[in-house]
Every structure is written in structure tokens, then in C-alpha cells.
Amino acid sequence: MKNNPDFQLERDTFGRLVLVFATGERHGGVVPVRAFPIAAPDEGVSLVGTEGRELVWIEQLSAMPPALRGLLEEELAIREFVPEIRRLKAVSTFSTPSVWTVETDRGDTEFVLKTEEDIRRLDRTGLLIAGGAGVQFRVQDMTALDRASRRLLERFL
């Protein structure tokens, strides 16, 4: 995608994104979706219409004009709520299901870990943990956690 795309984005009166092609064709309620939200968040963003079809493919988000990129990043931030775990405060039991009390970059919270399979390795030190209510939590770097947090986490890995 070039710096001057053949489309624009704007918000309607309800705050939803509207895709406007250079031809004047308009699509309301479009949703940006990252192809690789964790591994390559700047690469591959699809603008999907209300029928679930891709309307636009954006190779590099950073190549978009600043105003357009700002709208997309704003919308993506709303859709991709993934708090980062900074510290494990307590775990109710070392078997599953268990209630985890954690400190995140968004504040303290609790979630239910249903099974050990809900902890997924992203790379050598990163994890993605699926909480019982559907919220995904991320551990950027297990080795950066405090000793007590690492000990609790190791019981489940």
C-alpha cells in the first residue's frame, strides 16, 4: 500500500468507521483486523465490512498517512484489549480450574484459568493466557517477573 491510499476513513455519528473509496463508494461499520496481532502488529491489517468480507488490505500500518493510521490504531486498541500481567499475586489452587489474582498494566484483576492448555507460549519467554471470561492476558517476558510470580507460574507450565 502506498502513502496515498485510494480510500479514506471517517467516523459516522455513532462513532463507527466508514470506508470511503476514491470512487465515492461508502461502506459503514468497517472493522480493522490485524493478521498477526502479536507477532507482527504493524503488518497486514484488513478492513472488513459488515458482511464479514475484506474490503481493503493494508500491508504496512506505518506506511499509512498519520490521520488514517491514527484512526486505525484507535479502533484496533479498542478491539485488542490484552492486558499485560506484571505480577501474580495469588493462585487459589495448583490444579485447574483455579482463580488467579494478578497485577496488570491496567490494574489488579482476577480471572479463572480453566485448563493448563489455556496458557500458550508465544516465544521463548512470552505467554498468552486465556482467562475464563474470554479476556486474553499477556506475559511479555516470564524472566522479567518477580521470583514469587515465576514460581507460581512454573507450577502450570
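In what follows, the accompanying structure is described. (Residues numbered from 1 in each chain as written. Predicted model: local features only at pLDDT ≥ 70, side-chain atom pairs only at ≥ 80, totals over all residues. Heavy atoms only, no water.)

On inspection of all chains with the given rule, the structure shows 6 salt bridges. Of the charged contacts, one joins Glu 10 and Arg 26 as a salt bridge, the two residues approaching to 2.6 Å between their closest N and O atoms. Note that Glu 10 is positioned in strand S1 (residues 7-11) and Arg 26 in strand S3 (residues 26-34), a separation of 16 residues in sequence. For Arg 26, a relative accessible area of 48% gives the class partly exposed. One salt bridge in this structure joins Asp 108 and Lys 89, with 2.4 Å as the shortest N-O distance. Of this pair, Asp 108 sits in strand S8 (residues 107-113) while Lys 89 sits in strand S6 (residues 85-91), and the two are 19 residues apart along the sequence. With relative accessibility at 36%, the residue Lys 89 sits in the partly exposed group. Through salt bridges with shared partners, one network takes in Arg 11, Glu 74 and Glu 75. (Salt bridge = Lys/Arg side-chain N within 4 Å of Asp/Glu carboxyl O. Helix = DSSP H or I, 4+ residues; strand = E, 2+ residues; numbered from the N terminus. Buried < 20%, exposed > 50% of the residue type's maximum accessible area, 1.4 Å probe, protein only.)

In this section: the sheet that holds strand S11 (residues 136-139). Sheets are built from strands that pair by backbone hydrogen bonding, the pairs being arranged parallel or antiparallel. Taken in spatial order, the 3 strands make up an open sheet running S9-S10-S11, and their pairing is antiparallel. Since the sheet does not close on itself, it has two edges, and those belong to strand S9 (119-121) and S11, each with one partner. Pairs of neighbouring strands in the sheet enclose a mean axial angle of 20 degrees, with direction left out of account. Relative to S11, strand S10 (residues 127-130) runs antiparallel, the two being bridged by 4 bridges. In the sheet register, Leu 128 faces S11, and the bridge partner there is Arg 138. (Pairing = 2+ DSSP bridges. Axes fitted to C-alpha atoms, helices over the stretch in contact; angles between N-to-C directions.)

Turning our eyes to something else, we now look at the nonpolar core. The nonpolar side chains of soluble globular proteins are, as a tendency, buried together. Among the nonpolar cores identified, the biggest contains 17 residues, and Ile 85, Leu 88, Trp 100, Ile 129 and Leu 153 are the most heavily contacted of them. Where this core is concerned, the elements lending two or more residues are S6, strand S7 (98-104), S8, S10, S11 and helix H2 (147-154). It is S6 that provides the largest number of residues to this core, a total of 3 residues. When neighbours within four sequence positions are excluded, Ile 129 is seen to be in contact with Ile 85, Trp 100, Phe 111, Leu 113, Asp 118, Ile 119, Val 135, Gln 136, Phe 137, Val 139 and Leu 153. By size, the runner-up hydrophobic cluster in this structure holds 16 residues, among which are Val 30, Val 56, Leu 61 and Leu 68. (Core = buried A, V, L, I, M, F, W, Y, C linked by side-chain atoms within 4.5 Å. Contact = heavy atoms within 4.5 Å.)

These values are about where atoms sit, not about what they do.
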